[in-house]
Every structure is written in structure tokens, then in C-alpha cells.
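# Analysis of the macromolecular model
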Amino acid sequence: MKILVVGPGGREHAIIKALSRDPEATALHAAPGNPGIAVLAQCHPVDVCDGAAVAALAVELGVDLVVIGPEAPLIAGVADAVRARGVACFGPTEAAARIEGSKAFAKDVMAAAGVPTARSRTCTSTVEVEAALTEFGSPYVVKDDGLAAGKGVIVTDDIDQARAHAAGCDRVVIEEYLAGPEFSAFALCDGSTRSVLLALARDHKRAYDGDLGPNTGGMGAYSPVSWLPAGVEDTLAATVVDPVLAELEKRGTPFSGVLFPGLVLTTDGVKVIEYNARFGDPEIQVVLERLETPLAGLLMACATGTLKSDVALDWSGDTALNIVIASDGYPTDPVAGDTITGLDAAGSVEGAHILHAGTAYNDTGELVAAGGRLLNVVARASTPELARATAYEALAHVELRGKVVRSDIGQDLA
Ligand code: AMP
Ligand code: GLY
């Protein structure tokens, strides 16, 4: 099977690494890829949101499957463009990806499907905003309706900040605050109402230690989520996946690819914070690190409507942990261009490896920072303690001026 993976980051590097272990995947291509991906796949400089260009590349390369990593191309309809050229594609249609692209649409689907979630109001005027802020109270949760790369949401005790954020959005969702630890679930879907849940993961979303500071795309992750009460995992398909697949099918926009509910364990049970239409980054890195079932056939089954919902996936019992290294100034003002060294030493720590997320080569051939989140240090070990120790040992070898890293990834597992 020849496969083209679309996207530039750590998620796509992890997908390609997992595919490279699968003998069924005979040729790997990436668009645009990154310096880490280039070691495993042939990289092609294509704008990931240009559906015609991605589809033309897939046809030219003669690939059997295109896997779309990030949300932006999905929401821009790139999966539709690929399928229109007769190539199988892992990823939802533009219409189904609205579950991620519009918070208001997602809330509407959740209400219709009876999914447990925060009570909310969609507001388009200052009067509605004031009423909703008063109704739900502090901490205020204010979400830009559109896609904003994790920056459209604020959670704050400061009413003026809540008002200011709402004022900057055309349409805003204001909702009840859900207290509790968060975790992520990934359901593989094939366009029918069949789905297969992958192992759960936890993402540390806040920028600073102790889950403080601004929200980010994610500063680290681990799997399994051993603190979840027994039985929680068994109910997720029926409560937060199947009803949404059925509702989207009913609306004429069936979902294929991966449905990713962001979840909170509240005192009142598990509730959905949001749905995404793609794998979580940095969570999928740890999930794929534990997946022993070959990946290519699973992704192809999703793309072709042939997923078996009773497929038994094999999981390593190890803990996998991922620490994100971000550039100086992340998340507000990441600095590009600083050189990165020490990756060979980091990657040679037993049980650890490095994935690239936002790196590039400069004119003189040095590896440099080229984004916010730059690298993932992934470790796998038989215990959570060992996985943490291994990841932090590997991380210590990475040299980068002013690097932003959390020192408490997975500490809540201890
Ligand atoms: P979202 O983009 O909707 O995932 O929101 C980003 C982050 O904001 C989530 O991962 C949570 O940490 C936080 N958040 C969003 N909605 C809520 C809520 N209703 N209650 C508490 N925290 C929330
Ligand atoms: N790490 C969370 C996300 O990918 O949305």
C-alpha cells in the first residue's frame, strides 16, 4: 500500500513512524512533512489546504491512500477533493468536519444526540453575551465559534477579560465551566455508524507547570490514563461516539476518519468539552507508541467503509509519555531560527525517541526552530515512573536557547 500523509507536525511524524513499522505500507510520502519525517518518507512541498494540489499529488504518486493529519485541510474540504479524484482518504468530508470547525454546530449536534456536555448559549450580541455570562457565572468559558488553533477559547475568573474576548468574536459560545481532569478519546470511524475506540490519553494543555498559564495546543501527553475509574472506557462508545455518528448520518453528513471527543471527568460523570475531527497532537504520539496492531489496514478500512467494529486491537501494557519542546516565547510569541542540537544523544537514550513538529534546516544546514511546538520527546517503559524518567533524561540532551518545556508531564500518574 502506497500512502501519502498530509501535515507538517509531530502527529504526522508519529503516524508515519507507525506506518513505517507496518510491512503492508510499501511506500510512504508526506506533504509537506518535516526534517524528521524526511528520514522515513519522501516529502513534497505542497500547501496542505489546497485540495486540488493535494489530490493532484496523490494521483501523480499513484498512492492507494491519503491520510490527512490536521484540522485545517479537513475543514477546507481537502478530503473531498482527494476522494473526487478516486483516491481513498482517511479524514472526514468538509461537511462532517464542521463538528470541529464550528463550536455552535458541535453544540447543536450534541444537544440533538443527547451527549453529556456543558450547558451553553450561542451569542451574537452584547446583550446575549451579558445574559450568558451572568447565567453561567465564574469561571467564565468563552469560545470563538470558528476555528482558532486552540486560541479561540478562554477560561477566566475575570469578567472584563471574558467580555473583551467575546467582543472580539462574531459569534461566540459561552458555557458552563466543567471542573475535573481532562482526557482524550479517539474513535476510528468508517462513514457508517461503526467505530473502534483507541486507547485513551491525557494531554497537558496549559503552558506552565501545575496546569497553569495560557492554553496551548498541548505541552505533553501520556497513555494509558490509569487514574480513570474502572468501567469509564467501556461506556464511552455508547455515550459520546455512537450518538454523534448517528446524528451526523441523519443530517446527511456521515463521519469517517477519527472522531476525537475532548472529555472531562466531572463529579457528575464524563462530559464532552468539544469534538475534533482528527487525531490529537501530542496525544496520538503516545497512543500509536502503544498500538501493536498494524496501522495501514486500519486507516484504509476507515477510508473505504470496511472497518470491523469488533476488531480486537493489540496494545502494549507499557506507559508512553510525550514531552513537547516549544520555542522561546511560546505560546504568545514563539521565536523562530534558534539552532537545535543534541537530538542524536536524546534519541539514543534507551526507550526514547524524538519526533519533529516544527523544525526546519536553515541555509547553512543547521536544524532550527520553525514554529511554536518544535519537538516531541517520546518514551515508553513498563511503569509510569520509568517512562517519565526516560523522557526527561532524553530531553536533557536537547540544546535550544530559551526552550519552553513543562517539568511535570505525567506527574499526576505517580
Ligand atoms: P476547546 O478548544 O473547546 O477544547 O477548549 C480548550 C480548552 O479550554 C479545553 O481543553 C479545556 O481545558 C478548556 N475548556 C473548554 N471548555 C471548557 C469548559 N466548559 N469547562 C472547563 N474548561 C473548558
Ligand atoms: N492536544 C489537543 C488537540 O490536538 O486538540
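Presented here is a report on the structure given in the accompanying data block. (Residues numbered from 1 in each chain as written. Chains lettered and ligands numbered in written order. Predicted model: local features only at pLDDT ≥ 70, side-chain atom pairs only at ≥ 80, totals over all residues. Heavy atoms only, no water.)

## Comments concerning the layout of surface pockets
Quick note on the threshold: Computed over the protein atoms alone on a 1 Å grid, cavities are sets of points where a 1.4 Å probe fits but cannot get out and pockets are open sets with protein on both sides within 12 Å along at least five of seven lines; a residue lines them when it has an atom within 4 Å of a point. Grid points are joined across faces, edges and corners, and a volume is the space filled by probe spheres set on the points. The secondary structure listing takes helices from DSSP runs of H or I that are at least 4 residues long and strands from runs of E that are at least 2 residues long, numbered from the N terminus. Three categories are distinguished: nonpolar for Ala, Val, Leu, Ile, Met, Phe, Trp, Tyr, Cys and Pro, charged for Asp, Glu, Lys and Arg, and polar for the others, with Gly belonging to the last.
Counted as a void, the second largest pocket has a volume near 330 Å³. If you trace the second largest pocket, you find 17 residues lining it, with V39, L343, D344, I354 and H356 closest to the centre. Listed by contribution, the elements that provide at least two residues to the lining of the second largest pocket are α1 (10-20), α12 (343-347) and β20 (352-356). The element that contributes the greatest number of residues to the lining of the second largest pocket is β20, accounting for four residues. Grouping the amino acids of the lining of the second largest pocket by side-chain chemistry returns nine nonpolar, six polar and two charged.

## Focus on the packing of α1 against helix α10 (residues 283-290)
Filter applied, for reference: Whenever a helix is involved, its axis is fitted only over the stretch in contact; in every case the axis is a line through C-alpha atoms, and angles between N-to-C directions fall within 0 to 180 degrees. Note on terminology: angles under 35 degrees are roughly parallel, angles over 145 are roughly antiparallel, angles of 65 to 115 are roughly perpendicular, and the others are oblique. The crossing is said to be left-handed when, going from far helix to near helix, the turn is anticlockwise and less than a right angle, and right-handed when the turn is clockwise. Every residue pair with non-hydrogen atoms within 4.5 Å of one another is taken to be in contact.
Look at α1 against α10: their axes get within 8 Å of each other, and the N-to-C directions meet at 10°. Between α1 and α10, the interaxial angle falls into the category roughly parallel. Considering how the two elements wind past one another, α1 and α10 form a crossing that is left-handed. In this structure, α1 uses G10, R11, A14, I15 and A18 to contact α10, whose residues at the interface are I284, Q285 and L288.

## Re the sheet that holds strand β19 (residues 319-326)
Defined as follows: Criterion used throughout: strands pair if DSSP finds at least two bridges between them.
What the five strands build is an open sheet, ordered β13-β16-β19-β23-β20; its pairing is antiparallel. Edge positions in the sheet fall to β13 (202-203) and β20, since each of these pairs with one other strand and no more. For β13 and strand β16 (residues 220-223), the ladder comprises two bridges, and the chain directions are antiparallel. Looking across to β16, one finds that D203 is bridged to A221.

## A closer look at the site of ligand 1
Quick reminder of the rule: Each residue is tested against the molecule or strand, and it is near if at least one of its non-hydrogen atoms lies within 4 Å. The definition of a polar contact used here is a pair of N or O atoms within 3.5 Å, where within protein one atom must be able to donate a hydrogen and the other to accept one, and adjacent residues in sequence count solely through side-chain atom pairs. Working definition of accessibility: Shrake-Rupley area with a 1.4 Å probe, residue cover restricted to the visible protein chains.
Taken together, 15 residues lie near ligand 1, and E175, L178, E182, K205 and E274 sit nearest. L178 has a polar backbone atom sitting 2.8 Å from a nitrogen atom of ligand 1. Here K205 contributes a side-chain N or O atom positioned 2.8 Å from an oxygen atom of ligand 1. Calculation on ligand 1 without its partners gives an accessible area of 470 Å², and the protein chains cover 94% of this total. Of all elements in the fold, only β7 (140-144), β8 (153-156) and β18 (269-276) reach the threshold of two or more residues within the shell around ligand 1. Of the residues that constitute the shell around ligand 1, the class distribution is seven nonpolar, one polar and seven charged.

## Considering the pairing of strand β4 (residues 65-68)
As a reminder of what qualifies: For every residue, the accessible area (1.4 Å probe, protein chains only) is compared with the maximum for its type, and the residue is labelled buried under 20%, exposed over 50%, or partly exposed between those bounds.
The alternating pattern of β4 places L65 and V67 on one face and V66 and I68 on the opposite face, and all of these are buried. Sheet analysis places strand β1 (residues 2-7) next to β4, joined by four bridges and oriented parallel. Bridging across to β4, V5 finds its partner in V67. Strand direction decides the pairing type here: β4 and strand β5 (residues 88-90), joined by three bridges, are parallel. Residue pairing across strands places V67 opposite F90, the latter belonging to β5.

## Description of the site of ligand 2
D203, K205, G217, F260, N276, R278, G280, D281, P282 and E283 make up every residue found near ligand 2. D203 is positioned such that a nitrogen or oxygen atom in its side chain is 2.7 Å from a nitrogen atom of ligand 2. Contacts to ligand 2 include E283, whose side-chain N or O atom sits 2.7 Å from a nitrogen atom. Considered on its own, ligand 2 offers 200 Å² of accessible surface; in the complex 90% of this is hidden by protein. Its residues placed into classes, the shell around ligand 2 shows two nonpolar, three polar and five charged.

## A few points about the pattern of salt bridges
Stated precisely, the cut-off is as follows: Only one rule defines a salt bridge in this text: a Lys or Arg side-chain nitrogen within 4 Å of an Asp or Glu carboxyl oxygen.
Within this structure, the stated rule accounts for 25 salt bridges. The partner of E12 in a salt bridge is R11, and the shortest N-O contact between them spans 2.8 Å. We note a salt bridge from R171 to D145, for which the minimum N-O separation is 3.3 Å. Separated by 26 residues along the polypeptide, R171 in the loop between α8 (159-167) and β9 (172-175) and D145 in the loop between β7 and β8 bring together distant segments of the chain. Its relative accessible area of 12% is what places D145 among the buried residues.

## Overview of the sheet that holds β5
Spatial ordering of the open sheet is given by β3-β2-β1-β4-β5, a layout of five strands whose pairing is parallel. Two strands lie at the open edges of the sheet, namely β3 (42-43) and β5, each paired on one side alone. Sitting on the sheet, helix α2 (residues 51-61) touches β1, β2 (27-32) and β4, and the angle it makes with β1 is about 160°. Lying on the sheet, helix α11 (residues 295-304) is in contact with β1, β4 and β5; it crosses β5 at an angle near 110°.

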